[in-house]
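Letter by letter, the chains look like this.
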Amino acid sequence: MPPGLPHQPLAMRLWLSRRSDRTGGADAAGHSSGRSMSIGSLEHMMRNRFRMFLRHTWLVTILGTIVLGGVVWAAFYYSTKNTVLRIATGPGSAKIVQVLANTLAKSHDRLQLQVVTTDNANASAQALNNDSADLAIVPTTIGKSPDWPVVAILRQNVIALIVPALAPAATPAPAAAVAVAPAPAKKGAAPGATKTAKPAKPAKATKTAKSTKTAKTAKDKDSDSDDDDSDDDSTKDKDSSKLKVTQLAGKRIGIVTGNEATADLLGVVLNHYGVPLDKVQLSQIDPANLADAVQKNTLDVIFVAAAATGAAISDAVKAATQNGVAPTFIAIDQADGIAKRNIAFDSIEIDAGTFGGVPPTPDDKLTSLSFPEYLVARKSFNHAAIADLAKVIYTSRLAIAAQLDGDVKIEAPSTDKDADALVHQGALDYLNDDQKTFFDKYGDDIFYGMLIFPVFGSAIAGVASYLRADSRTRRLRLLQKVLDLVRKVHAAQVLEAIEHLQVEADNLVIAIIHLSEHEEFDESVRMSFSFALDQLRFAIAARRTAILDHAEGGAEAPASTGTTDTKAAAA
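Now for a look at the structure at hand. Computed from a predicted structure; not experimentally measured.

Secondary structure assignment for the protein chain yields 19 helices and 10 strands. By residue count, 34% of the 571 residues in the protein chain fall in the buried class. In the protein chain, the proportion of contacts linking residues at least 24 apart, taken out of those at least 6 apart, comes to 77%. Accessible surface, the protein chain: about 34700 Å² in total, of which carbon and sulfur atoms supply 57%.

All right, on to the nonpolar core then. Ranked by internal contacts, the top residues of the largest apolar core, which has 32 residues, are Leu85, Leu135 and Leu375. For this core, the secondary structure elements donating two or more residues are β1 (83-89), α5 (94-107), β2 (111-117), β3 (135-139), β4 (150-163), β10 (366-377), α12 (383-395) and α14 (425-431). Non-local contacts of Leu375, meaning those with residues more than four positions away in its chain, are made with Ile87, Leu135, Ala136, Ile137, Pro149, Val150, Val151, Ala152, Leu154 and Ile393. Judged by nonpolar contacts, the second largest core, of 27 residues, contains Leu265, Leu270, Val280 and Ile332.

Below, the discussion takes up the packing of α5 against α12. Orientation of α5 relative to α12, taken along the N-to-C sense of each, is 105°, at an axis distance of 10 Å. Relative to α12, α5 is oriented roughly perpendicular. Counted together, Leu100, Thr103, Leu104 and Ser107 of α5 and Leu389, Val392 and Ile393 of α12 form the full contact between these two elements. Among the residues forming the contact of α5 with α12, the class breakdown is 5 nonpolar, 2 polar and no charged.

Here we come to the pairing of strand β7 (residues 301-307). Within a regular beta strand, the side chains point alternately toward one face of the sheet and then the other, so they alternate between its two faces. When you tally the buried positions in β7, you get 7 out of 7 residues, the bulk of the element. The pairing of β4 with β7 spans 6 bridges and is classified as antiparallel. Residue pairing for β7: Val158 is matched across the bridge by Ala306. The pairing of strand β5 (residues 252-256) with β7 spans 3 bridges and is parallel. Paired with Ile253 across the strands is Val301, a residue of β7.

Side chains of Phe447, Tyr448, Leu451, Ile452, Val455 and Phe456 sit close together on the surface and give an oily, nonpolar patch of about 640 Å² of accessible area. Under the relative-accessibility criterion, Val455 is labelled exposed at 54%.

Glancing now at the side chain of Thr89. Locating Thr89 in the fold gives a position in strand β1. Judged by its relative accessible area of 2%, Thr89 falls in the buried class. Leave out the neighbours within four places in its chain, and Thr89 touches Ala94, Val97, Val115, Val116, Thr117, Thr118, Ser124 and Ile137.

Tallying each qualifying case throughout the model produces 1 cavity of 30 Å³ or more. Space inside the largest cavity adds up to approximately 40 Å³. Lining the largest cavity are Ile96, Leu100, Ile137, Leu154, Leu375, Ile400 and Ile410. Grouping the amino acids of the lining of the largest cavity by side-chain chemistry returns 7 nonpolar, no polar and no charged.

What follows deals with the pattern of salt bridges. Side chains bearing opposite charge may pair, as long as their charged atoms lie close to each other. Taken as a whole, this structure holds 10 salt bridges when the rule is applied. Among the ionic pairs, Arg155 bridges to Glu260, the shortest N-O distance being 3.8 Å. Within this pair, whereas Arg155 is found in strand β4, its partner Glu260 is found in the loop between β5 and α8 (263-272), the two being separated by 105 residues in sequence. Each of the two residues, Arg155 as well as Glu260, counts as buried. Note that Glu373 and Arg155 form a salt bridge whose closest N and O atoms lie 2.6 Å from each other. Within this pair, whereas Glu373 is found in strand β10, its partner Arg155 is found in strand β4, the two being separated by 218 residues in sequence. Residues joined in a network through salt bridges with shared partners are Arg86, Asp131, Asp134 and Arg378.

This part takes up the environment of Leu479. Following the sequence through the fold, Leu479 ends up in helix α15 (residues 438-491). With 46 residues separating them along the chain, Leu479 and Val525 place their C-alpha atoms 9.5 Å apart. Not counting residues within four places of it along the chain, the set of residues in contact with Leu479 comprises Ser528, Phe529 and Ala532.

Moving on, we come to α5. With 14 residues, α5 should cover 20 Å at 1.5 Å per step; its first-to-last C-alpha distance of 20 Å lies within 8% of that length. All buried positions along α5 are accounted for by Ile96, Val97, Val99, Leu100, Ala101, Thr103 and Leu104. Where the residues of α5 are buried, they touch β1, β2, β3, β4, α12 and α13 (397-403).

Looking at the element boundaries, Ile253 is found in strand β5. The exposure class assigned to Ile253 is buried, which follows from its relative accessible area of 0%. Separated by 31 residues in the primary sequence, Ile253 and Gln284 place their C-alpha atoms 8.8 Å from one another. Ignoring sequence-local partners within four residues, the contact set of Ile253 consists of Leu248, Leu266, Val280, Gln281, Leu282, Ser283, Leu299, Val301 and Phe303.

Rules behind the numbers
Residues numbered from 1 in each chain as written. Predicted model: local features only at pLDDT ≥ 70, side-chain atom pairs only at ≥ 80, totals over all residues. Heavy atoms only, no water. Helix = DSSP H or I, 4+ residues; strand = E, 2+ residues; numbered from the N terminus. Buried < 20%, exposed > 50% of the residue type's maximum accessible area, 1.4 Å probe, protein only. Contact = heavy atoms within 4.5 Å. Areas by Shrake-Rupley, 256 points an atom, 1.4 Å probe, with all protein chains shown as cover. Core = buried A, V, L, I, M, F, W, Y, C linked by side-chain atoms within 4.5 Å. Axes fitted to C-alpha atoms, helices over the stretch in contact; angles between N-to-C directions. Parallel < 35°, antiparallel > 145°, perpendicular 65-115°, else oblique. Nonpolar A, V, L, I, M, F, W, Y, C, P; charged D, E, K, R; others polar. Pairing = 2+ DSSP bridges. Patch = residues over 30% accessible without salt bridge, like charges linked within 9 Å, V, L, I, M, F, W, Y side chains within 5 Å. Salt bridge = Lys/Arg side-chain N within 4 Å of Asp/Glu carboxyl O. 1 Å grid on protein atoms, 1.4 Å probe; cavity = no way out; pocket = protein on both sides within 12 Å on 5 of 7 lines; lining within 4 Å. Points joined across faces, edges and corners; volume = space filled by probe spheres on them. Expected span 1.5 Å × (residues − 1).

Here you go:
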């Protein structure tokens, strides 16, 4: 490989190697050198193209501005683009999700709800676990998970065990009054023998009146003493006539669909009272068929779990009412104990008339169980999007409740650290007035970006300056090699050395031409190379002439200096 050209394309290296072979190099060595430097040649070519690109200052500036603008636009787009929230819901909450989606569409243009329909609350929870949904409406009865923090409490569900009213039996027609005929007279008695009763004696009548008055007074006293106990007795009789949870074994219980009532939920109550679930006859009843089932007497108890003032329980009460006779309710009198054993439940006292109806139902306070229904979200979901959703929900909760006729009563979960429910960080930011604006979230990034960008600009300028300095260094090295060849030419003593120096000069000319194709030389650089190459050419021609003249003048001098010339050429 000829010296002086450390970075050249493969074709040029092959050409130079062949040229060197003609002066005494090996052809195989030239080919081997060209193959071994192919990767380096490619690197050299790419480096030269990059340097050529950096020399176009305006083009680099324009492209850099376009890239910077694209980065800023991309950051703004991804920070303000529409966010799709996939919410999983069962049949009992489908209407809530629809109202919420409509409210969100009117109040926030960058949040969209995409409904993921499921069969029940358990399927909604499974959708969260599978990442096929971002939010879900689930009651606490299916269990809590730290990966499902709460966004809002949608409502409090209550458990209602309704005993349908029995149709009143037909009242029998009153018996006709029978006239009492006078007893017939004895045979043989004369008509005039019938005697007229004599009036009582005054003294005897007075005595009887006194005894009657005394008895009446005693009876009044007894009735006054028993007035206080009559109400208690009637209440006891009324309570004793009501069905109890412990008496449900063998009963036909219809679970109304379309609400939160499930067999598992009923099993929690029955198991607490020692009634195995397999000892009752369960059936799923559609709300539309409930009234017909009650009239046909195919149900003993109706099981519903929904909002106390919602349509599900009210419709069940209407269906269980027959001929103006209101149904009765089975009280869960051990609700406090169940709530202590299962944190998903709370004990509740349902006031008379809460379920509506005429007459009001229930007719007295009713003890039962309640459990909240949550809107939960994945813990890793975008906090800013959840904060925006929470803002829409809480600011529009009255409008949402008005459209759902008592099915929801949105409440905020407790933000205390020891609260039962874990609040989503996005909802917590809104509830604590810590929701951040665009500049609050990205202001620091913009500020530090403005500080760092000049550093990158300076780094780019430094790289460009380094590349320019490297180019200048290469030009100086080539120029220095030309000057070194001039000195070697003056020291050459034989023609073989001159020929070798001529090959090196040709290689330098090719390198200079190749460099000028990739780098723009100014006038001073071109003049320097031109002067140096002219000097080298004149020096070679003059030294060759001198050696030839000396050889023709006498053979001793060249012979005597052969060793020296060979050493010089080798050097």
